[in-house]
Amino acid sequence: MPARSVASSDQQLRYSRLPSHDDGYTDLQFKRSPPKVPYKAIALATFLFLIGSLLIHSDRTVPVLIIGILVFLPGFYHLRIAYYASKGYRGYSYDDIPDFDD
């Protein structure tokens, strides 16, 4: 296959013609990598769930109840996603849980 050179201002690029039998796809494009489990995020969700549960069930005033609900809900939500993703339910993935490793 003949290669064609194209001169640009900074560098020289080389192009070559693709084979006629190639449709442009490879099998590796469609393979899914194994899911990466966000352990830190699941630990934080468990911590929020437990603290929120303690604050909701304590015999305190309304502000403590409100704080308990605000802490409980995100923990419960992310634990539910982690549980369903671990069981392989359709539509649930560990990618839906924010990862704090970045």
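Look up a bit, the structure's there.
Residues numbered from 1 in each chain as written. Predicted model: local features only at pLDDT ≥ 70, side-chain atom pairs only at ≥ 80, totals over all residues. Heavy atoms only, no water.

Draft legend 1. The arrangement of the overall build of the protein in detail. When its secondary structure is counted, the protein shows two helices and two strands. Listed by position from the N terminus, the elements making up the protein come as β-β-α-α. Sequence-distant contacts, at least 24 apart, represent 36% of the contacts inside the protein between residues at least 6 apart. Accessible surface, the protein as shown: approximately 8,900 Å² in total, 59% of it carbon and sulfur. (Helix = DSSP H or I, 4+ residues; strand = E, 2+ residues; numbered from the N terminus. Contact = heavy atoms within 4.5 Å. Areas by Shrake-Rupley, 256 points an atom, 1.4 Å probe, with all protein chains shown as cover.)

Draft legend 2. Inspection of a nonpolar patch on the surface at higher detail. A grouping of Leu44, Phe47, Ile51, Leu54 and Phe100 is seen on the molecular surface, where their side chains present a nonpolar patch of about 490 Å² in accessible area. The residue Phe100 is located in the segment after helix 2 (62-87) in this model. (Patch = residues over 30% accessible without salt bridge, like charges linked within 9 Å, V, L, I, M, F, W, Y side chains within 5 Å. Salt bridge = Lys/Arg side-chain N within 4 Å of Asp/Glu carboxyl O.)

Draft legend 3. Structural context of the pattern of salt bridges. Within the structure shown, the criterion is met by one salt bridge. Across the salt bridge formed by Lys36 and Asp99, the nearest N and O atoms sit 3.3 Å from each other. Placement of the pair is Lys36 in the loop between strand 2 (12-16) and helix 1 (39-56) and Asp99 in the segment after helix 2, with a sequence separation of 63 residues. The class of Lys36 is exposed, set by a relative accessible area of 54%. (Buried < 20%, exposed > 50% of the residue type's maximum accessible area, 1.4 Å probe, protein only.)

Draft legend 4. Region of interest: the side chain of His78. Here His78 lies in helix 2. Note on His78: relative accessible area 19%, which makes it buried. When residues no more than four places from it in sequence are discounted, the contact partners of His78 are Ala45, Ile97 and Pro98.

Draft legend 5. Just the packing of helix 1 against helix 2, in detail. At a closest axis distance of 7 Å, the pairing of helix 1 and helix 2 adopts a crossing angle of 145°. The handedness of the crossing between helix 1 and helix 2 is left-handed. In contact with Ile42, Ala45, Thr46, Leu48, Phe49, Ile51, Gly52, Ser53, Leu55 and Ile56 of helix 1, helix 2 contributes Val64, Leu65, Ile67, Gly68, Ile69, Val71, Phe72, Gly75, Phe76, His78, Leu79 and Ala82. In the contact of helix 1 with helix 2, the residues fall into 16 nonpolar, six polar and no charged. (Axes fitted to C-alpha atoms, helices over the stretch in contact; angles between N-to-C directions. Left-handed = near helix turned anticlockwise from the far one by under 90°. Nonpolar A, V, L, I, M, F, W, Y, C, P; charged D, E, K, R; others polar.)

Draft legend 6. Local environment of the packing of aromatic side chains. Summed over all chains, the structure comprises six aromatic pairs. Judged by centre distance (4.9 Å) and plane angle (70°), the rings of Tyr84 and Tyr89 are edge-to-face. Using a relative accessible area of 26% as the deciding quantity, one classes Tyr84 as partly exposed. Residue Tyr89 is classed as partly exposed on the basis of its relative accessible area of 44%. (Phe/Tyr/Trp six-rings, centres within 6.5 Å; stacked < 30°, edge-to-face > 60°.)

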